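Observations on the model geometry
The lines below spell out each chain.
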Amino acid sequence: MSFNVAVLVSGNGSNLQALIDSPKLAASTVAIVKVISNVPSAFALTRAERANIPSRVIEHRGFDSREAFDRAIVDELQQARVDLVVLAGFMRVITPVLLEAFRYRVVNVHPALLPAFPGMHGVRQALAYGVRVAGCTVHLVDAGVDTGPILAQSVVNVLDEDDEASLAARIHAEEHRLLPQAVCWFAENRVSITEVEGRARARIRRDDHEPRL
Ligand code: GRF
């Protein structure tokens, strides 16, 4: 049986492309069954079409509330029998409507080493702060902004000559490596959530044949 993944996007979709192209995913039970965009012009939709993945545009502007928008998304996801929802550059804050329908089954990729630099401009803020290492985080989504249990992180050195574009490019390359790996963990049922001191924490059951990330 396939492990059905939906990818929610708003823009370029390079992370969607990384999932489409991942040999690891191709060799797994993962099937990307649906791409949903809230932006009709998102290039991610073209990527989905080229890969023959069914896509749907659901514009948030057409709804009275964030909850009503999320309800429409949940309906679409349930129809497609989705097991895991991946937010890959999806520029909307999601509500409990989606989170409760897919409890601990919504994953986000963020271009900073959380909990540092959450929000829209993680790369810019990291550079402005003068950090020597930056990176990316794949995490489960909870009700906050970029606050959910961390699944995986990857570190990138910040170079003296970096600007936002050059640093973002190296961080994106790491995102493209990390995100397919994290999706595989779900498909292999290796992710567990435990409460530690009142906070949900993700643990990944290790596969002894796998090198540490
Ligand atoms: C990525 O940097 C991701 O971390 C952030 O949005 C960006 C999406 O890029 N959440 P893309 O659309 O996948 O190219």
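Residues numbered from 1 in each chain as written. Predicted model: local features only at pLDDT ≥ 70, side-chain atom pairs only at ≥ 80, totals over all residues. Heavy atoms only, no water.

1. Thoughts on the pairing of strand β4 (residues 84–87)
In plain terms, the rule: Any residue under 20% of the maximum accessible area for its type is buried, any over 50% is exposed, and the rest in between are partly exposed; the area is computed with a 1.4 Å probe on protein chains only. For helices the rule is a DSSP run of H or I covering at least 4 residues; for strands it is a run of E covering at least 2, with both sets numbered from the N terminus onward. Criterion used throughout: strands pair if DSSP finds at least two bridges between them. Here is how to tell: hold the view so the strands point away, follow the path from the first strand over the helix to the second, and if it runs clockwise the crossover is right-handed.
Going residue by residue along β4, you find L84 and V86 tucked away on one face and V85 and L87 tucked away on the opposite face as well. As judged from the three bridges shared by β4 and strand β5 (residues 106–110), these two strands associate in the parallel manner. Of the residues in β5, the one forming a bridge with V86 is V107. In this fold, β4 hands off to helix α5 (residues 96–101), which returns the chain to β5; that crossover is right-handed.

2. Thoughts on the state of the cysteines
What counts is decided by this rule: Note on disulfides: each one is a pair of cysteine sulfur atoms within 2.5 Å.
On inspection of all chains with the given rule, the structure shows zero disulfides. Left unpaired, C136 is separated from the closest cysteine sulfur, that of C184, by 16 Å. Classification of C184 as buried rests on a relative accessible area of 2%.

3. Quick notes on the sheet that holds strand β6 (residues 133–140)
Stated precisely, the cut-off is as follows: Here an axis means a line fitted to C-alpha atoms, over the contact stretch when the element is a helix, while the angle between two N-to-C directions is reported on a 0 to 180 degree scale.
Here seven strands make up an open sheet; going across it, the order is β3-β2-β1-β4-β5-β6-β7 and the pairing mixed. What marks the edges here is a single partner per strand, and that holds for β3 (55–57) and β7 (150–157). Direction aside, neighbouring strands of the sheet carry axes that sit 20° apart on average. Relative to β4, strand β1 (residues 3–9) runs parallel, the two sharing four bridges.

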